[in-house]
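# Coordinate inspection notes
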Amino acid sequence: MTTGHDFSHLIENTISHFIFSHANNQTVSSIHFDEWRLLPYTVIVCPIVGECFCEYETNEVVSARSGSTLIVPPNVKHKYRMDIGKVHYAHIHYTFLQNIDILALFNVPSVVTGAESDRISSLLKQLSESTDSNSSDKISIKTVIHARALALELLVAILDASKIKRESMDFFIHFSKISAVLEYIDQNIDKPITREELAGLLAVSPTRFHYIFNDIMKISPILYVNKIRLQKAQTLLASTDIPVGEVALRSGYPDIHHFSKQFKKWVGVSPSKYKENSRLSFLHIE
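Computed from a predicted model, the values in this text were never measured in an experiment. (Residues numbered from 1 in each chain as written. Predicted model: local features only at pLDDT ≥ 70, side-chain atom pairs only at ≥ 80, totals over all residues. Heavy atoms only, no water.)

## Structural notes on the packing of helix α5 (residues 179–187) against helix α6 (residues 195–202)
Close contact between α5 and α6 brings their axes to 9 Å; oriented N to C, the two are set at 140°. Considering the angle they form, α5 stands oblique to α6. Crossing hand, α5 versus α6: right-handed. On α6, the residues touching A180, V181, Y184 and I185 of α5 are E197, L198, L201 and L202. Along the lines of polarity and charge, the residues of the contact of α5 with α6 split into 7 nonpolar, no polar and 1 charged. (Axes fitted to C-alpha atoms, helices over the stretch in contact; angles between N-to-C directions. Helix = DSSP H or I, 4+ residues; strand = E, 2+ residues; numbered from the N terminus. Parallel < 35°, antiparallel > 145°, perpendicular 65-115°, else oblique. Left-handed = near helix turned anticlockwise from the far one by under 90°. Contact = heavy atoms within 4.5 Å. Nonpolar A, V, L, I, M, F, W, Y, C, P; charged D, E, K, R; others polar.)

As structure tokens, then:
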């Protein structure tokens with residue numbers, strides 16, 4: 001059972017947010033991504049003028065126009081298009097315990113409308129403006145805290161329009177059993193990690209640990225480690241100029257050839273191609 005202390009610890013380790021790109025009431029020129037995009041962060045688009053369309057692998061197509069908000073979760077394959085228009089948008093990621101995507105625990109609607117959309121759009125605009133001010137030479141503690149507060153408000157607004165998944169309730173109840181393991185994985189993701197050493201953190205046998213971890217996370221511990229490694233690699237490739245070889249090392253893959261093989265299996269393209277595609281995936285601002 002999760003205690004008050006556990007939740008306090010959870011809150012302290014919650015919301016590492018980073019905006020890779022954003023725009024505030026900016027004109028966009030006809031954008032058509034004909035290839036599938038797989039991005040390591042949530043895409044939020046609030047059209048001010050015009051209409052945007054998003055197609056998913058299931059062949060479902062959704063659209064958003066003024067007064068509505070498009071939300072695409074991380075690591076969901078999609079194609080995006082929009083003709084001339086104006087938007088607020090951001091690429092953002094909310095996690096706790098460093099690696100667990102908060103929005104993945106909820107059924108987030110593809111399109112939010114009405115007052116909930118207006119709220120998200122307003123907060124996105126404020127956050128964009130706050131981030132712009134933080135880019136100046138006059139960064140202060142107040143502006144940094146203000147930006148973080150806005151990011152939290154934006155998360156709450158998105159969650160208010162969403163419903164928690166039933167299985168997520170069980171996770172919140174039992175996550176404290178493995179929180180130390182999740183933090184250890186995050187802190188040592190660039191090093192070799194074995195099931196035996198993870199089991200040692202809980203003082204149980206490897207077999208018992210495998211059962212506990214799989215029961216809570218719905219994935220085996222080693223597959224989880226590999227997933228986190230590859231997600232970290234996605235983020236580094238999409239948001240930095242770090243060479244592919246260095247990305248492999250930072251993600252826990254000393255053998256770049258093995259890394260490339262695993263990455264292509266996970267994402268569908270090579271690391272270098274993913275890096276190139278990610279740079280082309282941002283909305284073009286006139």
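## Observations concerning the packing of helix α8 (residues 221–239) against helix α10 (residues 256–267)
Relative orientation and spacing of two packed helices are given, respectively, by the angle between their axes and the distance between those axes. Where α8 meets α10, the closest approach of the two axes is 11 Å, and the angle between their N-to-C directions is 90°. Viewed along their axes, α8 and α10 adopt a mutual orientation that is roughly perpendicular. Contact with α8, carried on its side by K227, L230, Q231, A233, Q234 and L237, involves F259, Q262, F263, W266 and V267 of α10 and no other residues of that element. When grouped by side-chain class, the residues that make up the contact of α8 with α10 number 7 nonpolar, 3 polar and 1 charged.

## A short note on the sheet that holds strand β5 (residues 61–65)
Sheet strands pair via backbone hydrogen bonds, and the direction of the pair is either parallel or antiparallel. Within the open sheet, the 4 strands sit side by side as β2-β7-β4-β5. Their pairing is antiparallel. Edge positions in the sheet fall to β2 (31–32) and β5, since each has one partner strand and no second. Of the strand pairs in this sheet, strand β4 (residues 51–56) and β5 are connected by 5 bridges, and their pairing is antiparallel. Along β5, the bridge assignment pairs F53 with S63. (Pairing = 2+ DSSP bridges.)

## Comments concerning the packing of aromatic side chains
Inspection of the entire model under this criterion finds 6 aromatic pairs. Measuring from centroid to centroid gives 5.4 Å for Y253 and F259, while their planes differ by 45°, and the two rings are tilted. Across this residue pair, the class does not change: Y253 and F259 are buried. Aromatic pair F259 and F263: ring centres 5.7 Å apart, planes at 50°, arrangement tilted. With a gap of 4 residues between them, F259 and F263 both fall in helix α10, about one helical turn apart. F263 carries the same exposure label as F259, and that label is buried. Connected via pairs of aromatic rings, a cluster forms that spans Y253, F259, F263 and Y274. Just above the ring of W36 sits the side chain of K79; from NZ or CZ to the centre is 4.6 Å. (Phe/Tyr/Trp six-rings, centres within 6.5 Å; stacked < 30°, edge-to-face > 60°. Buried < 20%, exposed > 50% of the residue type's maximum accessible area, 1.4 Å probe, protein only. Lys NZ or Arg CZ within 6 Å of the ring centre and 35° of its normal.)

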